[in-house]
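What follows is the residue order along each chain.
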Amino acid sequence: MSPIPLEPLSILAIDIGTVNTRAFFYDVVEESYHLVASAITKSTYEPPLSDVNIGIMNTVHQIEDITGRMLLNQKNTLIVPSQAGSEGVDRFYISHSFGPFVKIATFGLSSDVSSKSINRLAATTYGTVVESISLNDKRTINEQIDAVVRAAPEMIFFAGGTDQGSSRAVKKMANLIASILQLLPQDMRPLVIFSGNQSMVKTVKDHLGQYTKVANTVNIRPAMDDENLIKVANELADLFTGYRGDQYSSIKRITPQCSDSPCPSAIGMGRIVQFLSEVGDPEKGIMAVDLGSGSTTIASACNGKLDVYVFPTGIGASFEKFLETTPFEDITRWFPAGINAEEGRDQLWQKTAFPRSIPETSTSLVVEQAAVKQLLYSMMRNLSERGLLVQNGYDTILCSGMTLTQMGTPEQLLIMLLDGLQPIGLSSFVLDQYSMLASLGAAARLSPLMPVQLMESSVFTNLATVVSVHSSAKPGTTILRARVQLPGEQVKSFNIKQGSLTRIPVKPGVRAAMQIIPTRQSRMELTGLTEGAFRINGGVFGLVIDARGRPIILPKDNAKREQMLQSWLASLQGQQLVQ
Amino acid sequence: MLASFAQISPAIKIHRSRILPVNGSVIVRKGQKVNENDIVAEASLPAHHVLIDVVQAFGLADPKLAATYIKRAAGETLDHHDIIAETGGMFSRIIRTPKPGKIITVRDGLVVIETEAKSISLKALYPGIVFDILQDRGVVIETSGAVVQAAWANGLTGVGPLICKTDSRSNELVFSSLEVTARGAVIAGGTCSKPDILTQAAQLPVAGLILGTMPASMIEVAKAQPYPILLIDGFGKTGMDSTSWKLLFSLANKEVILNGETTGGLTPTKPEVMVSATVDEQNSASAKMFTSGQTVRVHTAPNLGQTGRIEKILPGTVTLVNGLKVAAASIIMDNNERKTIPVANLDVIGFTS
């Protein structure tokens, strides 16, 4: 598939997350890259250990134990490049998402152009916008200054001006930033990153460089109708890694051994999504969702155009913000029968204090899954409101992170993803069970063949191909006939009713032909689907037809709601096959 | 396997940072002895700023001219209506300060004035020796004594004599626990599921409340209280773990420090209860890994708050009743029952920080 010649290199990739540090050892086996071993341990950047390298070394020792290969020398330093082909590794990569979200203040000239772009840029990294200032800000200058000083940002993102545009407004904004910088204590002055008019880079650096560190990237808006978001995000990634190195010196110590500069996990994941969208259907998008403990990243791309959005909420400590701002009924609506809501609330809050904890009982597992459903749903709604979702749906939805890929039976995982993400059209759900997407992206710049071959391998699980249809017909009405033909078999027809979830077995690796024929009563929109025959891939659950509508509306009556949730799960378990 | 830790120790030396939110002045010296109520640092929190653009106000064609008209310098204090800049001559134009304050900067024709600054002071909270000075920001205090780390707190600090008000570690705190002897004291109890009790404790008032657990539905009420509330084990109704309870019970009537401030950031701190005492020998573990024989506390239901000893770390993974495959340990619980618990749900008790 790839024109790049195979260079047989052993690769060690480390992903340092908020609660877990993972290691992946890849090597060439029978002419293609394979995942040879993986390891996981708790992340160690926080007290009492306060050194990311303790976690890294622990995973490397685990890899040594599994493979029998010596990776560390007598000084406990990683052997890079490999020696005699059997000691050490040829390439070493790090991706990272640990550490608190960085407080960012954004400064743009116009609130609906440069400020909009620079705020989107902030969302591609592990940062929270604490203040946003533009020239058409309705507050007085004094109020703007007070607001930024109060917010005490750690970084300032400054954009504005097209490359041939006026420089006066940029100077004016730079003056305001200079005044603010002088009000902040010297050791608390933020790093300023200028992503505006390139002819002003020297002026801005000279002016603001008197007070703080200033870095620059390419212009995020070189022309009014041209946005360079991902290019700037990639440049920002290196600056962000450098900033983390200033915060946590332990990561700085290991960086010189890396074959490429450590990469924020969100950017690594974005690289893989972008690549997949370039080789996939240009009309449809690719999405990847990584639910972590400290954050959630949703990366999507269509026709090579990438969007990365990092939410400051995950399923660990940062989950507190979500619990505080979400009506608890929005979570309990996903509870199956027999769950005590107050015990569920206690459990979820306990998770914020002990983010690594694992649900031990069946009840606690479904409580956590219910919270994840609502969390994913709220994030997708957020992206939809910002116009950041592809209209025709996503051809492939890659799911990463332990909670999305390992916390439940395959049925539970699929229904959690369907209820949370509520996809439209035709989508294949693929599980990244080892949570390696970010590390593949970290390796992609210098070892491009490895991620390509890994993506095609069996380490990614095709959970199901889902056809989501939307109809305004009454529940129970037959809205379509699905005709499915497996290789070498007769065509089978399935009548699909409004409100149902239907599973049609198609084994992994098998490609089937499918056709959807709406009934007269269906009043159905075929968003993201075609009326003609199309091909679908098999998976653990084969083909699933989701006719529950969008958004999924649950009955207010508890008994009916619980019965409905139970019947959907039963459908996936194959207890209610519609034919 | 790398372990997680819960600091529950009857005798330990610790270092605790006390840091101002903004730069200020540290008013103690290294090696100085401090008590919990001593002020160690002070700062001025700027409330408002005023930016005066002299170039624009005078309509100057050349911004460099502004310097000749500005009559003030950075650092000067201003009274109401003091002159900032004036053009001079017969029809002199004048810019006055709109508010009293202090000039922070004068540059490029821009004058920035800080107004309405608010003074804040930082207490030592921990009695001990100033171990290190964090220039302009605060101090590190070396202290020793008993420490019990908590899972959650409402963000406040306090000091007072400790009274254990429930008979057992799992009992509920009741209204009758809050009689007059509880005034000014730090109350310890197993659990509390009545929000009104928290409100009544504020009226008494108490100096603080230490609970094993509390229902999460009471978080809002707990955050509204003017005194510190610490939950040793977290959320629910199970009460306090036996190790913490025994230690706190042994400290009854002693002056306890409640630090409910949880800071995020680079070195996040957990809330804790501390009783100052001289320590000759530390009673604390120092291993980084889970190993057989370690005393552990379970922090997740259904065994939340139970303590025991690691019999062995089980090889590979174990399948739980809910189907999850996890790394686990065999634990001999305090009641001698053997249980298999995911290692992710265990804290080793007593690690030196």
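Residues numbered from 1 in each chain as written. Chains lettered and ligands numbered in written order. Predicted model: local features only at pLDDT ≥ 70, side-chain atom pairs only at ≥ 80, totals over all residues.

A few points about the overall build of chain A
A count of helical and extended segments in chain A gives 17 helices and 24 strands. Relative to the globule expectation of 25 Å for 579 residues, the C-alpha radius of gyration of chain A, 25 Å, shows essentially globular dimensions. Expressed along its principal axes, the backbone C-alpha trace of chain A runs to roughly 75 × 65 × 50 Å. Looking at chain A residue by residue over its 579 residues, the buried ones come to 54%. Taking as baseline every contact in chain A between residues at least 6 positions apart, the subset at least 24 positions apart corresponds to 70%. (Helix = DSSP H or I, 4+ residues; strand = E, 2+ residues; numbered from the N terminus. Rg over C-alpha atoms; globule rule 2.2 N^0.38 Å. Buried ≥ 20, exposed ≤ 12 C-beta atoms within 10 Å, placed from the backbone. Contact = placed C-beta atoms within 7 Å.)

Observations concerning the pairing of strand E18 (residues 478-485) of chain A
All names here are of chain A. In this structure, E18 lies alongside strand E19 (residues 491-497), joined through 7 bridges in antiparallel fashion. Across the sheet, residue threonine 478 finds its bridge partner in E19, namely lysine 497. Hairpin connection of E18 to E19: 5 residues between the antiparallel strands, including glycine 488 at a positive phi of 75°. Note: E18 against strand E21 (residues 511-518), 6 bridges, orientation antiparallel. Note on E21: the bridge partner recorded for arginine 483 is glutamine 515. (Pairing = 2+ DSSP bridges.)

A word on the domain arrangement of chain B
For chain B, the assigned domains read domain 1 (8-14 + 140-276), domain 2 (47-115) and domain 3 (295-349). Once you take the C-alpha centre of each, domain 2 of chain B and domain 3 of chain B turn out to be 68 Å apart. (Domains from an automatic or database assignment.)

Points about helix H12 (residues 362-385) of chain A
The first and last C-alpha atoms of H12 of chain A sit 35 Å apart over 24 residues, in line with the 34 Å expected at 1.5 Å per residue. Positioned one or two residues after H12 of chain A, glycine 387 of chain A has a phi angle of 70°, which is positive. (Expected span 1.5 Å × (residues − 1).)

Let's talk about the interface of chain B and chain A
Every contact between the two is made by 45 residues of chain B and, on the other side, 41 residues of chain A. Every element with two or more residues in the side of chain B that touches chain A is listed here: strand E6 (48-53), strand E10 (101-107), strand E11 (110-115) and strand E19 (229-235) of chain B. Tallying contributions element by element places E6 of chain B first for the side of chain B that touches chain A, with 4 residues.

Re unusual backbone geometry
For the bond running from proline 47 of chain A to proline 48 of chain A, omega is 5°, close enough to zero to count as cis. Following leucine 204 of chain B, the chain continues into proline 205 of chain B via a peptide bond in cis, with omega recorded as -10°. Its place among the elements puts proline 205 of chain B in the loop between helix H3 (195-203) and strand E18 (208-214). Its identity as a non-glycine residue notwithstanding, glutamine 422 of chain A has a phi of 45°, on the positive side. Tracing the chain through its elements places glutamine 422 of chain A in the loop between helix H14 (410-421) and strand E15 (425-432). Note on glutamine 422 of chain A: 20 C-beta atoms within 10 Å, which makes it buried. One non-glycine residue with positive phi stands out, namely aspartate 136 of chain B, at about 65°.

Some details on helix H2 (residues 114-122) of chain A
All names here are of chain A. Judged by how many residues are buried, H2 sits mostly within the fold: 8 of 9 residues are covered. Along H2, the residues that are buried comprise Ser114, Ser115, Lys116, Ser117, Ile118, Arg120, Leu121 and Ala122. Buried residues in H2 make contact with strand E5 (102-108), strand E6 (127-134), strand E7 (155-158) and helix H6 (229-247).

Examining the nonpolar core
One finds Phe157, Phe158, Ile177, Leu414 and Leu543 of chain A together with Val111 and Val186 of chain B to be the most contacted residues of the largest nonpolar core, which totals 268 residues. Tallying contributions element by element places H12 of chain A first for this core, with 10 residues. Every residue in contact with phenylalanine 157 of chain A, bar those within four places of it in the chain, is listed here: Ile104, Thr106, Ile118, Leu121, Ala122, Ile193 and Ser195 of chain A. (Core = buried A, V, L, I, M, F, W, Y, C linked by C-beta atoms within 7 Å.)

Details of the confidence of the model for chain B
The predicted structure's coordinates, where accompanied by low pLDDT, should not be read in detail. On average, chain B scores 91 in pLDDT, and the residues at 70 or more come to 96%. Our summary of model confidence lists the complex with pTM equal to 0.92 and ipTM equal to 0.91. (pLDDT = per-residue confidence, 0-100.)

Some points on the packing of H14 of chain A against helix H17 (residues 558-572) of chain A
Residue and element names in this part refer to chain A. The contact between H14 and H17 brings their axes to 9 Å, and the two run at 125°. Between H14 and H17, the angle falls in the class oblique. Pair H14 / H17 crosses with right-handed handedness. Residue-level contacts link Glu411, Leu414 and Ile415 of H14 to Trp568, Leu569 and Leu572 of H17. Grouping the amino acids of the contact of H14 with H17 by side-chain chemistry returns 5 nonpolar, no polar and 1 charged. (Axes fitted to C-alpha atoms, helices over the stretch in contact; angles between N-to-C directions. Parallel < 35°, antiparallel > 145°, perpendicular 65-115°, else oblique. Left-handed = near helix turned anticlockwise from the far one by under 90°. Nonpolar A, V, L, I, M, F, W, Y, C, P; charged D, E, K, R; others polar.)

Focus on the sheet that holds strand E28 (residues 346-349) of chain B
Residues and elements named next belong to chain B. Read from one edge of the open sheet, 6 strands run E1-E28-E22-E23-E26-E27, paired in mixed fashion. With one partner strand each, in any of the chains shown, strand E1 (5-6) and strand E27 (338-342) form the two edges of the open sheet. Of the pairings in the sheet, the one linking E1 to E28 comprises 2 bridges and is parallel in character. The residue of E28 that forms the bridge with phenylalanine 5 is valine 348.

Here's the deal with the domain arrangement of chain A
Residue and element names in this part refer to chain A. If you check the domain split of chain A, you get domain 1 (11-98 + 250-261), domain 2 (102-240) and domain 3 (266-572). With 22 residues of domain 1 at the interface, the matching set in domain 3 holds 27 residues. Secondary structure elements with two or more residues in the side of domain 1 that touches domain 3: strand E1 (11-16), strand E2 (20-29), strand E3 (32-42) and strand E4 (91-96). For the side of domain 1 that touches domain 3, the element with the most residues is E3, which contributes 6 residues.

Structural notes on the sheet that holds strand E7 (residues 77-78) of chain B
Taking strand neighbours across the sheet as the criterion, the 4 strands line up as E6-E11-E10-E7 (chain B) in an open arrangement whose pairing is antiparallel. If you trace the sheet from one side to the other, it starts and ends with E6 and E7 of chain B, each paired once. Here E7 of chain B pairs with E10 of chain B via 2 bridges, running antiparallel. When the sheet's bridge partners are listed, threonine 77 of chain B is paired in E10 of chain B with lysine 102 of chain B. Against the sheet, helix H4 (residues 168-183) of chain A touches E6, E10 and E11 of chain B, its axis set at about 40° to E11 of chain B.

Observations regarding the packing of H2 of chain A against H6 of chain A
Residue and element names in this part refer to chain A. For the pair H2 and H6, interaxial distance at closest approach is 10 Å and the crossing angle is 45°. In terms of orientation, H2 lies oblique with respect to H6. The two elements H2 and H6 cross, and the hand of that crossing is right-handed. Facing H2, whose interface residues are Ser117, Arg120 and Leu121, H6 presents Leu229, Val232, Ala233 and Leu236.

Focus: the environment of aspartate 281 of chain A
Counting through the fold element by element, aspartate 281 of chain A comes out in the loop between helix H8 (265-279) and strand E11 (285-291). Separated by 225 residues in the primary sequence, aspartate 281 of chain A and isoleucine 56 of chain A have C-alpha atoms spaced 38 Å apart.

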